[in-house]
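Notes for the structure review
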Amino acid sequence: MASSPSSENKNLEGVAGGAGEKPIPLGENVLQKHAAFFDLNKDGVIYPWETFKGLREIGTGVLLSVGGAIFINVFLSQSTRPGKFPSILFPIEIKNIQRGKHGSDTGVYDTEGRFVPSKFEEIFNKHAHTHPNALTYDELTEMIKANREPKDFSGRIGSVVEWKILYKLAKDKSGLLQKETIRGVYDGSLFEQLKKQHSSGKEK
Ligand code: HEM
Ligand SMILES: [Ca+2]
């Protein structure tokens, strides 16, 4: 469908090194980094209270952080712990985080949680009409709509939530979501940045 063999080949740039280098092992996918920010004690498992604390640290309000922690952990605990009896503590297992991928997304993470540069560029080629390196709120909404897959209720909700919260937390003073900001969300470096900004800008 959308991903032809030729566009898939481009993924390899981000995956394998030059001649003779070993490909990056699956254990080092960027989606794991995105999630690992929230693993406060770095034990490979994210409990809801860690998600809550992480969300607070990057500037999310109390109510949204409570809702976010419940929503994220309930959904991702189920998919990252397949085959196991559900745990009432709703842990997310980072080593399986790629199983938490849903439909109606951008495809910037591939099925193994790796970053696909061509898909990342596609966001801006298709939707950045007013500024080449940023999205306005309307352009973001347009992108989310364009990524909708038929009958994919949960994937659509997931995408709206991810992108609208990102916009709320990380838009610039002119209301734009900058390309570099979006790049930073994929490897989680944006979360570290937001945490610094938030802790320096506000006394607890
Ligand atoms: C405020 C916090 C967060 C924001 C703003 C955020 C934002 C995003 C964005 C924008 C995407 C990309 C979706 C796409 O490419 O279409 C994404 C993907 C993803 N995020 Fe987060 N995220 C946050 C917290 C978390 C947490 C706590 C977890 C789990 C521990 C998580 C797990 C995932 C997963 C599994 C995906 C892959 C979904 C897919 O591509 O289908 N995120 N997130
Ligand atoms: Ca943990």
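Residues numbered from 1 in each chain as written. Chains lettered and ligands numbered in written order. Predicted model: local features only at pLDDT ≥ 70, side-chain atom pairs only at ≥ 80, totals over all residues. Heavy atoms only, no water.

Let us now look at the overall build of the protein chain. When its secondary structure is counted, the protein chain shows 9 helices and 4 strands. Secondary structure of the protein chain in N-to-C order comes out as α-α-β-α-α-β-α-β-α-α-β-α-α. By sequence separation, contacts in the protein chain at least 24 residues apart represent 53% of the contacts at least 6 residues apart. Just so you have it, the protein chain exposes about 12,100 Å², and 59% of that area is on carbon and sulfur atoms. (Helix = DSSP H or I, 4+ residues; strand = E, 2+ residues; numbered from the N terminus. Contact = heavy atoms within 4.5 Å. Areas by Shrake-Rupley, 256 points an atom, 1.4 Å probe, with all protein chains shown as cover.)

So, on to the coordination of the calcium ion (ligand 2). At 2.3 to 2.6 Å from the calcium ion (ligand 2) lie its protein donor atoms, namely D39 (OD), N41 (OD1), D43 (OD), V45 (O), E50 (OE) and E50 (OE). In this structure, the calcium ion (ligand 2) is coordinated by 6 donor atoms arranged in irregular fashion, with angles at the metal of 52 to 159°. Mapped onto the sequence, the residues coordinating the calcium ion (ligand 2) show the spacing D-x1-N-x1-D-x1-V-x4-E. (Donors = N, O, S within 2.8 Å, 3.2 Å for Na, K, Ca; no water. Tetrahedral: all angles 85-135°; square planar, octahedral: opposite > 155°, others 65-115°.)

The next subject is the coordination of the iron atom of ligand 1. If you check the protein contacts of the iron atom of ligand 1, you find one donor only, H34 (NE2), at 2.1 Å. Looking at the element boundaries, H34 is found in helix 2 (residues 30–36).

Further remarks concern the nonpolar core. One finds F120, I123, L135, L140, W163, I182 and Y186 to be the most contacted residues of the largest nonpolar core, which totals 34 residues. Broken down by secondary-structure element, the contributors of at least two residues to this core are helix 2, helix 5 (117–127), helix 6 (137–146), helix 7 (153–170), helix 8 (179–187) and helix 9 (189–201). (Core = buried A, V, L, I, M, F, W, Y, C linked by side-chain atoms within 4.5 Å. Buried < 20%, exposed > 50% of the residue type's maximum accessible area, 1.4 Å probe, protein only.)

Running from N to C, helix 5 and helix 6 point in directions that differ by 115°, and their axes come no closer than 10 Å. By crossing handedness, the relation of helix 5 to helix 6 is classed as right-handed. Each of I123, K126 and H127 in helix 5 lies in contact with helix 6, whose residues at this interface are E139, E142, M143 and A146. For the contact of helix 5 with helix 6, the class distribution of residues is 3 nonpolar, 1 polar and 3 charged. (Axes fitted to C-alpha atoms, helices over the stretch in contact; angles between N-to-C directions. Left-handed = near helix turned anticlockwise from the far one by under 90°. Nonpolar A, V, L, I, M, F, W, Y, C, P; charged D, E, K, R; others polar.)

Attention now goes to the confidence of the model for the protein chain. The predicted model of the protein chain has a mean per-residue pLDDT of 88, with 85% of residues at 70 or higher. Below a pLDDT of 50 lies the segment residues 1–27, which in the model reaches 16 contacts outside its immediate sequence neighbourhood of four places, other chains included. Complex prediction metrics read pTM 0.87 and ipTM 0.96. (pLDDT = per-residue confidence, 0-100.)

Another aspect to go through is a nonpolar patch on the surface. Together, V62, V66, I70, V74 and F90 give the surface a local cluster of nonpolar side chains, amounting to about 390 Å² of exposed area. In this structure, F90 sits in the loop between helix 4 (62–80) and strand 2 (92–93). Overall, the relative accessible area of 32% leaves F90 in the partly exposed class. (Patch = residues over 30% accessible without salt bridge, like charges linked within 9 Å, V, L, I, M, F, W, Y side chains within 5 Å. Salt bridge = Lys/Arg side-chain N within 4 Å of Asp/Glu carboxyl O.)

Among all residues save glycine, negative phi is the norm, and among peptide bonds the norm is trans. The phi dihedral of F90 is positive, around 50°, even though this residue is not glycine. A positive phi angle, near 55°, is found at S104, a position not held by glycine. Looking at where S104 falls in the secondary structure, it is placed in the loop between strand 2 and helix 5. With relative accessibility at 2%, the residue S104 sits in the buried group.

Looking now at the packing of aromatic side chains. Scanning all chains against the criterion turns up 10 aromatic pairs. Judged by centre distance (6.2 Å) and plane angle (90°), the rings of F120 and Y186 are edge-to-face. Remark: Y186 occurs in helix 8 and F120 occurs in helix 5; sequence separation between them is 66 residues. You can call F120 buried: its relative accessible area is 0%. Through a chain of ring-to-ring contacts, the aromatic side chains of Y109, F115, F120, F124 and Y186 assemble into a single cluster. (Phe/Tyr/Trp six-rings, centres within 6.5 Å; stacked < 30°, edge-to-face > 60°.)

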